[in-house]
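Notes for the structure review
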Amino acid sequence: AVRPVQLTVDANKSGPVIDRNIFGQFAEHLGHGIYEGIWVGKDSKIPNTRGIRNDVVAALKALHVPNVRWPGGCFADYYHWRRAIGPVRQPMMNADWGGVVDPLTFGTEEFFDFAGQIGTEAYVSVNIGSGSPAEAAEWLEYMTAGKEDAIGAERAKNGHPEPYKVAFVGLGNESWDCGGGMSPDYYVSQMKRYSRFVRNYNPAQTEKGDPMKRIAVGPNAGDTSYTEAVMKAYKGHSWAWNIEGLSLHSYTTGGGWPLAQPDTGFGEREYAWMLSETVGMDDLIKKHGAIMDKYDPEKKVSLTVDEWGAWYKAAPGTNPGFLIQQNTQRDAVLAALNINIFARHADRVRMANIAQMVNVLQAMILTDKEKMLLTPTYHVFKMYVPFQDATSIPLSYDAGKYSFEKYSLQRVDAIAARDKSGKIWFAITNVDPNRPAEFEISVPGVAATKAVGETLSAAKIDSFNTFEAPNTVAPKPVSFAATGGKLTLTLAPASVTVVALEP
Ligand code: AHR
């Protein structure tokens, strides 16, 4: 018999706070991410509030989404905000994503309405690639200035007299590629100008000590050239400009481009391949974190992983530019492994945005006309809500490796944290798709009689939810009792479990 894994937690020790913003999301004008997924228009038969779908809002509210990044992605660098405000919109070609016309009926007003409905903060990316500092500065003026300002007055005329709160602003997107193919030094010179002039005029934010944070474009996966250039510039920043975040983009593709991995109908090789690749996120954070430490030892700049997730070959018969993919139990495990990595680097990684929110890439939600389903990834994000702003607690265990052919990674992966009410939470992923994982957890000094929560497992590693069977993969309640001062847990193969200690 395999001996249970011994997991020990010293509840007297505290690590950094797990910033709720690592559970951020990304919603780009791409495929059915915005149109149909979020926006159906006021005249739609699909129940909506001012054009925004009620079912999607209710589902997202339950996730306590801390921030939403919008309008792109690549789209942000060819988006001209003035075409999407007020009563008359100017439709535009969405050249990168499917070559379709974007009616721009979802613009600044609708984005902030949506953000308000789901209770999230705005992370707006400005156009550096094909715009100008003046255009970006005026967008911020439109969003954040009072109505005594001429551009703030336009917003008031368009129905919103109070300034909006822009919590985060992205200074471009992937400027090394779709954002304009800029060399690191060229980007740095642009970034300084945008950081200087893209201002937040909303006094309420500054007075509350909650100023808008600026996120600079950073590395493309393992490439360190932007990290070096931007962080070196940061070290020499002046009173006139600054940044609070450096963006990292890294997708899990199972072998890179051209994409070859199917979203469903895969076997154990593809399961092990994707998961062993995804845990490379840890090395990436260490690599870029080391450069950031050199220029910013106080860790003032957050490493903001504002695009991450699984990216598969486009589903057959779909517009390849719409990035439509199913979402399986493998994606649930993949999401949990990444969140755990971010949590373990909570001192540097204070924000992350999964790509993307609805109907695109590793989505939370899929829609088909009036129908909606929650994906396994959605369930993981919901189960992890207690970790938002919780204080991490170091833990130790050795569960050995899970290997398949040349692919290998830790067999189980766990984090622990204390929430604001003092409750201790564990999130444990059993990566092994063939064997359950037995755990014995000791928390010296804490009297717990049981661990209670939810577990997400599935019949197959590629089980997924459909509009006809939306609960094929859904969390189930679990309760594990303590015996002899130890909690004994048995976790299903390829599962994600989140439990809290109870007296
Ligand atoms: O998320 C899809 C695309 O991936 C984004 O638009 C871009 O930033 C990245 O390359």
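Note that this is a predicted model, so its numbers are computed, not measured. (Residues numbered from 1 in each chain as written. Predicted model: local features only at pLDDT ≥ 70, side-chain atom pairs only at ≥ 80, totals over all residues.)

1. A few points about unusual backbone geometry
In this structure, glycine 73 follows glycine 72 across a cis peptide bond, with omega equal to 15°. Locating glycine 73 in the fold gives a position in the loop between strand S5 (67–70) and strand S6 (92–94). The linkage connecting alanine 355 with the following residue, glutamine 356, adopts the cis geometry, with an omega of -10°. Mapped onto the fold, glutamine 356 is located in the loop between strand S13 (351–355) and strand S14 (365–368). Of note in this structure, histidine 64 is not a glycine but carries a positive phi near 50°. With respect to the secondary-structure elements, histidine 64 resides in the loop between helix H1 (54–61) and S5. Of note, glutamate 405 is a non-glycine position whose phi angle comes to about 50°, a positive value. Mapped onto the fold, glutamate 405 is located in the loop between strand S18 (401–404) and strand S19 (407–410). Among the residues examined, glutamate 405 registers 9 C-beta atoms within 10 Å and is labelled exposed. (Helix = DSSP H or I, 4+ residues; strand = E, 2+ residues; numbered from the N terminus. Buried ≥ 20, exposed ≤ 12 C-beta atoms within 10 Å, placed from the backbone.)

2. Some words on the domain arrangement of the protein
Once the domains are mapped, the protein shows domain 1 (5–12 + 392–502) and domain 2 (20–388). Between the C-alpha centres of domain 1 and domain 2 there is a distance of 29 Å. Taken together, the 33 residues of domain 1 in the interface contact 36 residues of domain 2. Elements with a minimum of two residues in the side of domain 1 that touches domain 2: S19, strand S20 (412–418), strand S21 (424–430), strand S23 (450–456) and strand S26 (495–502). Of the residues belonging to the side of domain 1 that touches domain 2, the class tally is 22 nonpolar, six polar and five charged. (Domains from an automatic or database assignment. Contact = placed C-beta atoms within 7 Å. Nonpolar A, V, L, I, M, F, W, Y, C, P; charged D, E, K, R; others polar.)

3. What about the UniProt feature "domain: Alpha-L-arabinofuranosidase C-terminal" (unreviewed entry) in the protein?
Those places that UniProt annotates as "domain: Alpha-L-arabinofuranosidase C-terminal" (unreviewed entry) correspond, in this numbering, to residues 306–495. Along residues 306–495 one finds 13% helix and 38% strand; the C-alpha atoms at either end are 25 Å apart. (UniProt positions renumbered as here; feature names shortened; annotations may be inferred.)

4. Comments concerning the sheet that holds strand S12 (residues 302–310)
Read around the barrel, eight strands follow the order S2-S5-S8-S9-S10-S11-S12-S13 and close on themselves; strand pairing throughout is parallel. If you compare each strand with its neighbour and ignore which way they point, the axes differ by 25° on average. Examined bridge by bridge, strand S9 (residues 166–171) and strand S10 (residues 213–216) share four bridges and lie parallel to one another. Bridge pairing in S10 links glycine 170 to isoleucine 215. (Pairing = 2+ DSSP bridges. Axes fitted to C-alpha atoms, helices over the stretch in contact; angles between N-to-C directions.)

5. Details of the environment of asparagine 200
Looking at the secondary structure, you find asparagine 200 in the loop between helix H5 (184–197) and helix H6 (203–207). Judged by local crowding, asparagine 200 falls into the buried class, with 21 C-beta atoms found within 10 Å. For the pair formed by asparagine 200 and glutamate 141, sequence separation is 59 residues and the distance between their alpha carbons is 7.2 Å. Aside from chain neighbours lying at most four places away, what touches asparagine 200 is Leu140, Thr144, Val166, Gln205, Pro211 and Met212.

6. A few points about the site of the ligand
Taken together, Glu28, Gly72, Gly73, Cys74, Asn173, Glu174, Cys178, Glu307, Ala355, Gln356 and Leu361 make up the full set of residues near the ligand. Its residues placed into classes, the shell around the ligand shows four nonpolar, four polar and three charged. (Near = placed C-beta within 6 Å.)

7. A look at the environment of tyrosine 226
Along the polypeptide, tyrosine 226 turns up in helix H7 (residues 225–235). Note on tyrosine 226: 26 C-beta atoms within 10 Å, which makes it buried. With residues near it in sequence (within four places) discarded, tyrosine 226 still touches Trp176, Pro184, Tyr187, Val217, Gly218 and Pro219.

8. Section: the confidence of the model for the protein
Summary statistics for the protein give a mean pLDDT of 96 and a share of 100% for residues scoring 70 or more. Model confidence for the complex is summarised by a pTM of 0.97, with the ipTM given as 0.99. (pLDDT = per-residue confidence, 0-100.)

9. Description of the pairing of S10
Along S10, one buried face is formed by Lys213 and Ile215 and the opposite face, lined by Arg214 and Ala216, is buried too. Of the strand pairs in this sheet, S10 and strand S11 (residues 245–252) are connected by two bridges, and their pairing is parallel. When the sheet's bridge partners are listed, alanine 216 is paired in S11 with leucine 246.

10. Focus on the packing of helix H3 (residues 133–144) against helix H4 (residues 150–157)
The N-to-C vectors of H3 and H4 enclose an angle of 55°; their axes lie 7 Å apart at closest approach. By the criterion of interaxial angle, the relationship of H3 to H4 is oblique. The crossing of H3 and H4 is right-handed. Where H3 approaches H4, its residues Glu138, Glu141 and Tyr142 are matched on the opposing element by Ile151, Gly152, Glu154 and Arg155. (Parallel < 35°, antiparallel > 145°, perpendicular 65-115°, else oblique. Left-handed = near helix turned anticlockwise from the far one by under 90°.)

11. Topic: the sheet that holds strand S22 (residues 437–442)
Pairing within the open sheet is mixed, and its 10 strands lie in the order S16-S20-S21-S26-S23-S24-S25-S22-S1-S17. Both outer strands of the open sheet, strand S16 (391–393) and strand S17 (395–396), are each paired with one neighbouring strand and no more. The pairing of S20 with S21 spans seven bridges and is classified as antiparallel. Within S21, the position partnered with alanine 417 by the bridge is tryptophan 425.

12. Looking at the nonpolar core
In summary, soluble globular proteins display a tendency toward joint burial of nonpolar side chains. Of all hydrophobic cores here, the largest spans 156 residues; its most connected members are Ala416 and Ala427. The element contributing the most residues to this core is helix H10 (residues 329–344), with 10 residues. The residues contacting alanine 416, other than those within four sequence positions of it, are Val9, Ile393, Leu395, Ile424, Trp425 and Phe426. (Core = buried A, V, L, I, M, F, W, Y, C linked by C-beta atoms within 7 Å.)

13. Description of helix H9 (residues 280–295)
Here H9 spans 24 Å end to end across 16 residues, near enough to the 22 Å set by a 1.5 Å rise per residue. Along H9, the residues classified as buried are Met281, Ile285, His288 and Met292. Elements that come into contact with the buried residues of H9 comprise H7, S11, helix H8 (268–278), S12 and H10. (Expected span 1.5 Å × (residues − 1).)

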